[in-house]
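Structural overview
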Amino acid sequence: KARVSILPIPVEAIPSSLPPLPEAPVVLFMGRLAFEKGCRILVEAVRQLPFRARLRIAGEGPERARLEKLAEGLDVAFLGWLSPEDVRQELVGARVLAMPPLWPEPFGMSGPEAMAQGRPVVASNVGGIPEWLSDGLTGILVPPGDAGALAKALAILLSPDGPGVAMGRAGRESVRANLSSDRHVEGLLKVFSDV
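Since this is a predicted model, take the numbers as computed values, not measurements.

**With respect to helix α6 (residues 164-178)**
- With 15 residues, α6 should reach 21 Å at 1.5 Å per residue; the first-to-last C-alpha distance of 21 Å fits that figure.
- When α6 is considered as a whole, its buried residues turn out to be Gly164, Met167, Gly168, Gly171, Arg172, Ser174 and Val175. Buried positions in α6, seen along its axis, are confined to an arc of 160° and lie on one side of it.
- On its buried face, α6 is in contact with α4 (110-116), β6 (139-142) and α5 (147-158).

Following this line, the structure appears as structure tokens:
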């Protein structure tokens, strides 16, 4: 019998109703502004988009000054650290969440949190991300460090007639079925029972 059980961190706030996906092309990044998180790849990808999009960056870190310089000429807002309520508001106002880490991200909570709000996710195909993001169903996986592939995925999900709404709905159902607090407690009780 397996001696190790893995229980993913639960997503606490799953709204009872789905906030509508905004039509404005708004991309949200939430995380530490450090090299391994790949935010510079995201800035490069937004620059490559065939239309003007708004990028909102929530977080702080050692890369902020470099990112601000890299983002000159783009419609980018650096938001700093946000309260849980402000995070929810940013998620509701975004059309897509981008998670472009360059390292094997163990899990990455911002993705499931966005999916709980019905937002599709574009993320690097690394680490634990494919455990919760179903490529083509709840979002799009891209190779890490590939700004061109990230730009193409963003363009698909920012398009008003793209699959963003359907992927957002599927993502919310996936979080509800697999990452809710109830599922976490059920898994924990099963571990206790097995022990």
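**Side note on the pairing of strand β2 (residues 54-58)**
- Looking at chain direction, strand β1 (residues 26-30) and β2 are connected through five bridges and run parallel. Bridge pairing in β2 links methionine 30 to alanine 58.
- Where β2 meets strand β3 (residues 75-80), five bridges bridge the pair, whose relative direction is parallel. Looking at β3, one finds that leucine 55 is bridged to valine 76.
- With helix α2 (residues 64-70) bridging β2 and the parallel β3, this β-α-β connection has right-handed handedness.

**A closer look at the environment of methionine 30**
- Turning to its location among the elements, methionine 30 is positioned in strand β1.
- For the pair methionine 30 and alanine 98, spaced 68 residues apart in sequence, the C-alpha to C-alpha distance is 8.1 Å.
- Apart from residues no more than four positions distant in its own chain, methionine 30 is found in contact with Ala58, Val87, Leu91, Leu97, Ser110 and Glu113.

**Brief notes about the side chain of serine 180**
- Position of serine 180 relative to the elements: it lies in the loop between α6 and α7 (181-194).
- For serine 180, the contacting residues outside a window of four places in its chain are Pro10, Val11, Ile14 and Val175.

**A closer look at the pattern of salt bridges**
- For the structure shown, the criterion picks out 13 salt bridges.
- Of the charged contacts, one joins glutamate 68 and arginine 64 as a salt bridge, the two residues approaching to 2.9 Å between their closest N and O atoms. In this pair, glutamate 68 and arginine 64 both sit in helix α2, four residues apart, roughly one turn of the helix.
- Note that glutamate 85 and arginine 88 form a salt bridge whose closest N and O atoms lie 3.5 Å from each other. Note that glutamate 85 and arginine 88 are positioned in helix α3 (residues 84-93) at a spacing of three residues, about one turn of the helix.
- Accessibility expressed as a relative area gives 43% for glutamate 85, which makes it partly exposed.
- What emerges from the salt-bridge pattern is a single network uniting Glu60, Arg64 and Glu68.

Rules used in this analysis
Residues numbered from 1 in each chain as written. Predicted model: local features only at pLDDT ≥ 70, side-chain atom pairs only at ≥ 80, totals over all residues. Heavy atoms only, no water. Helix = DSSP H or I, 4+ residues; strand = E, 2+ residues; numbered from the N terminus. Expected span 1.5 Å × (residues − 1). Buried < 20%, exposed > 50% of the residue type's maximum accessible area, 1.4 Å probe, protein only. Arc of directions from axis to C-beta. Contact = heavy atoms within 4.5 Å. Pairing = 2+ DSSP bridges. Right-handed = clockwise from strand over helix to strand, strands pointing away. Salt bridge = Lys/Arg side-chain N within 4 Å of Asp/Glu carboxyl O.

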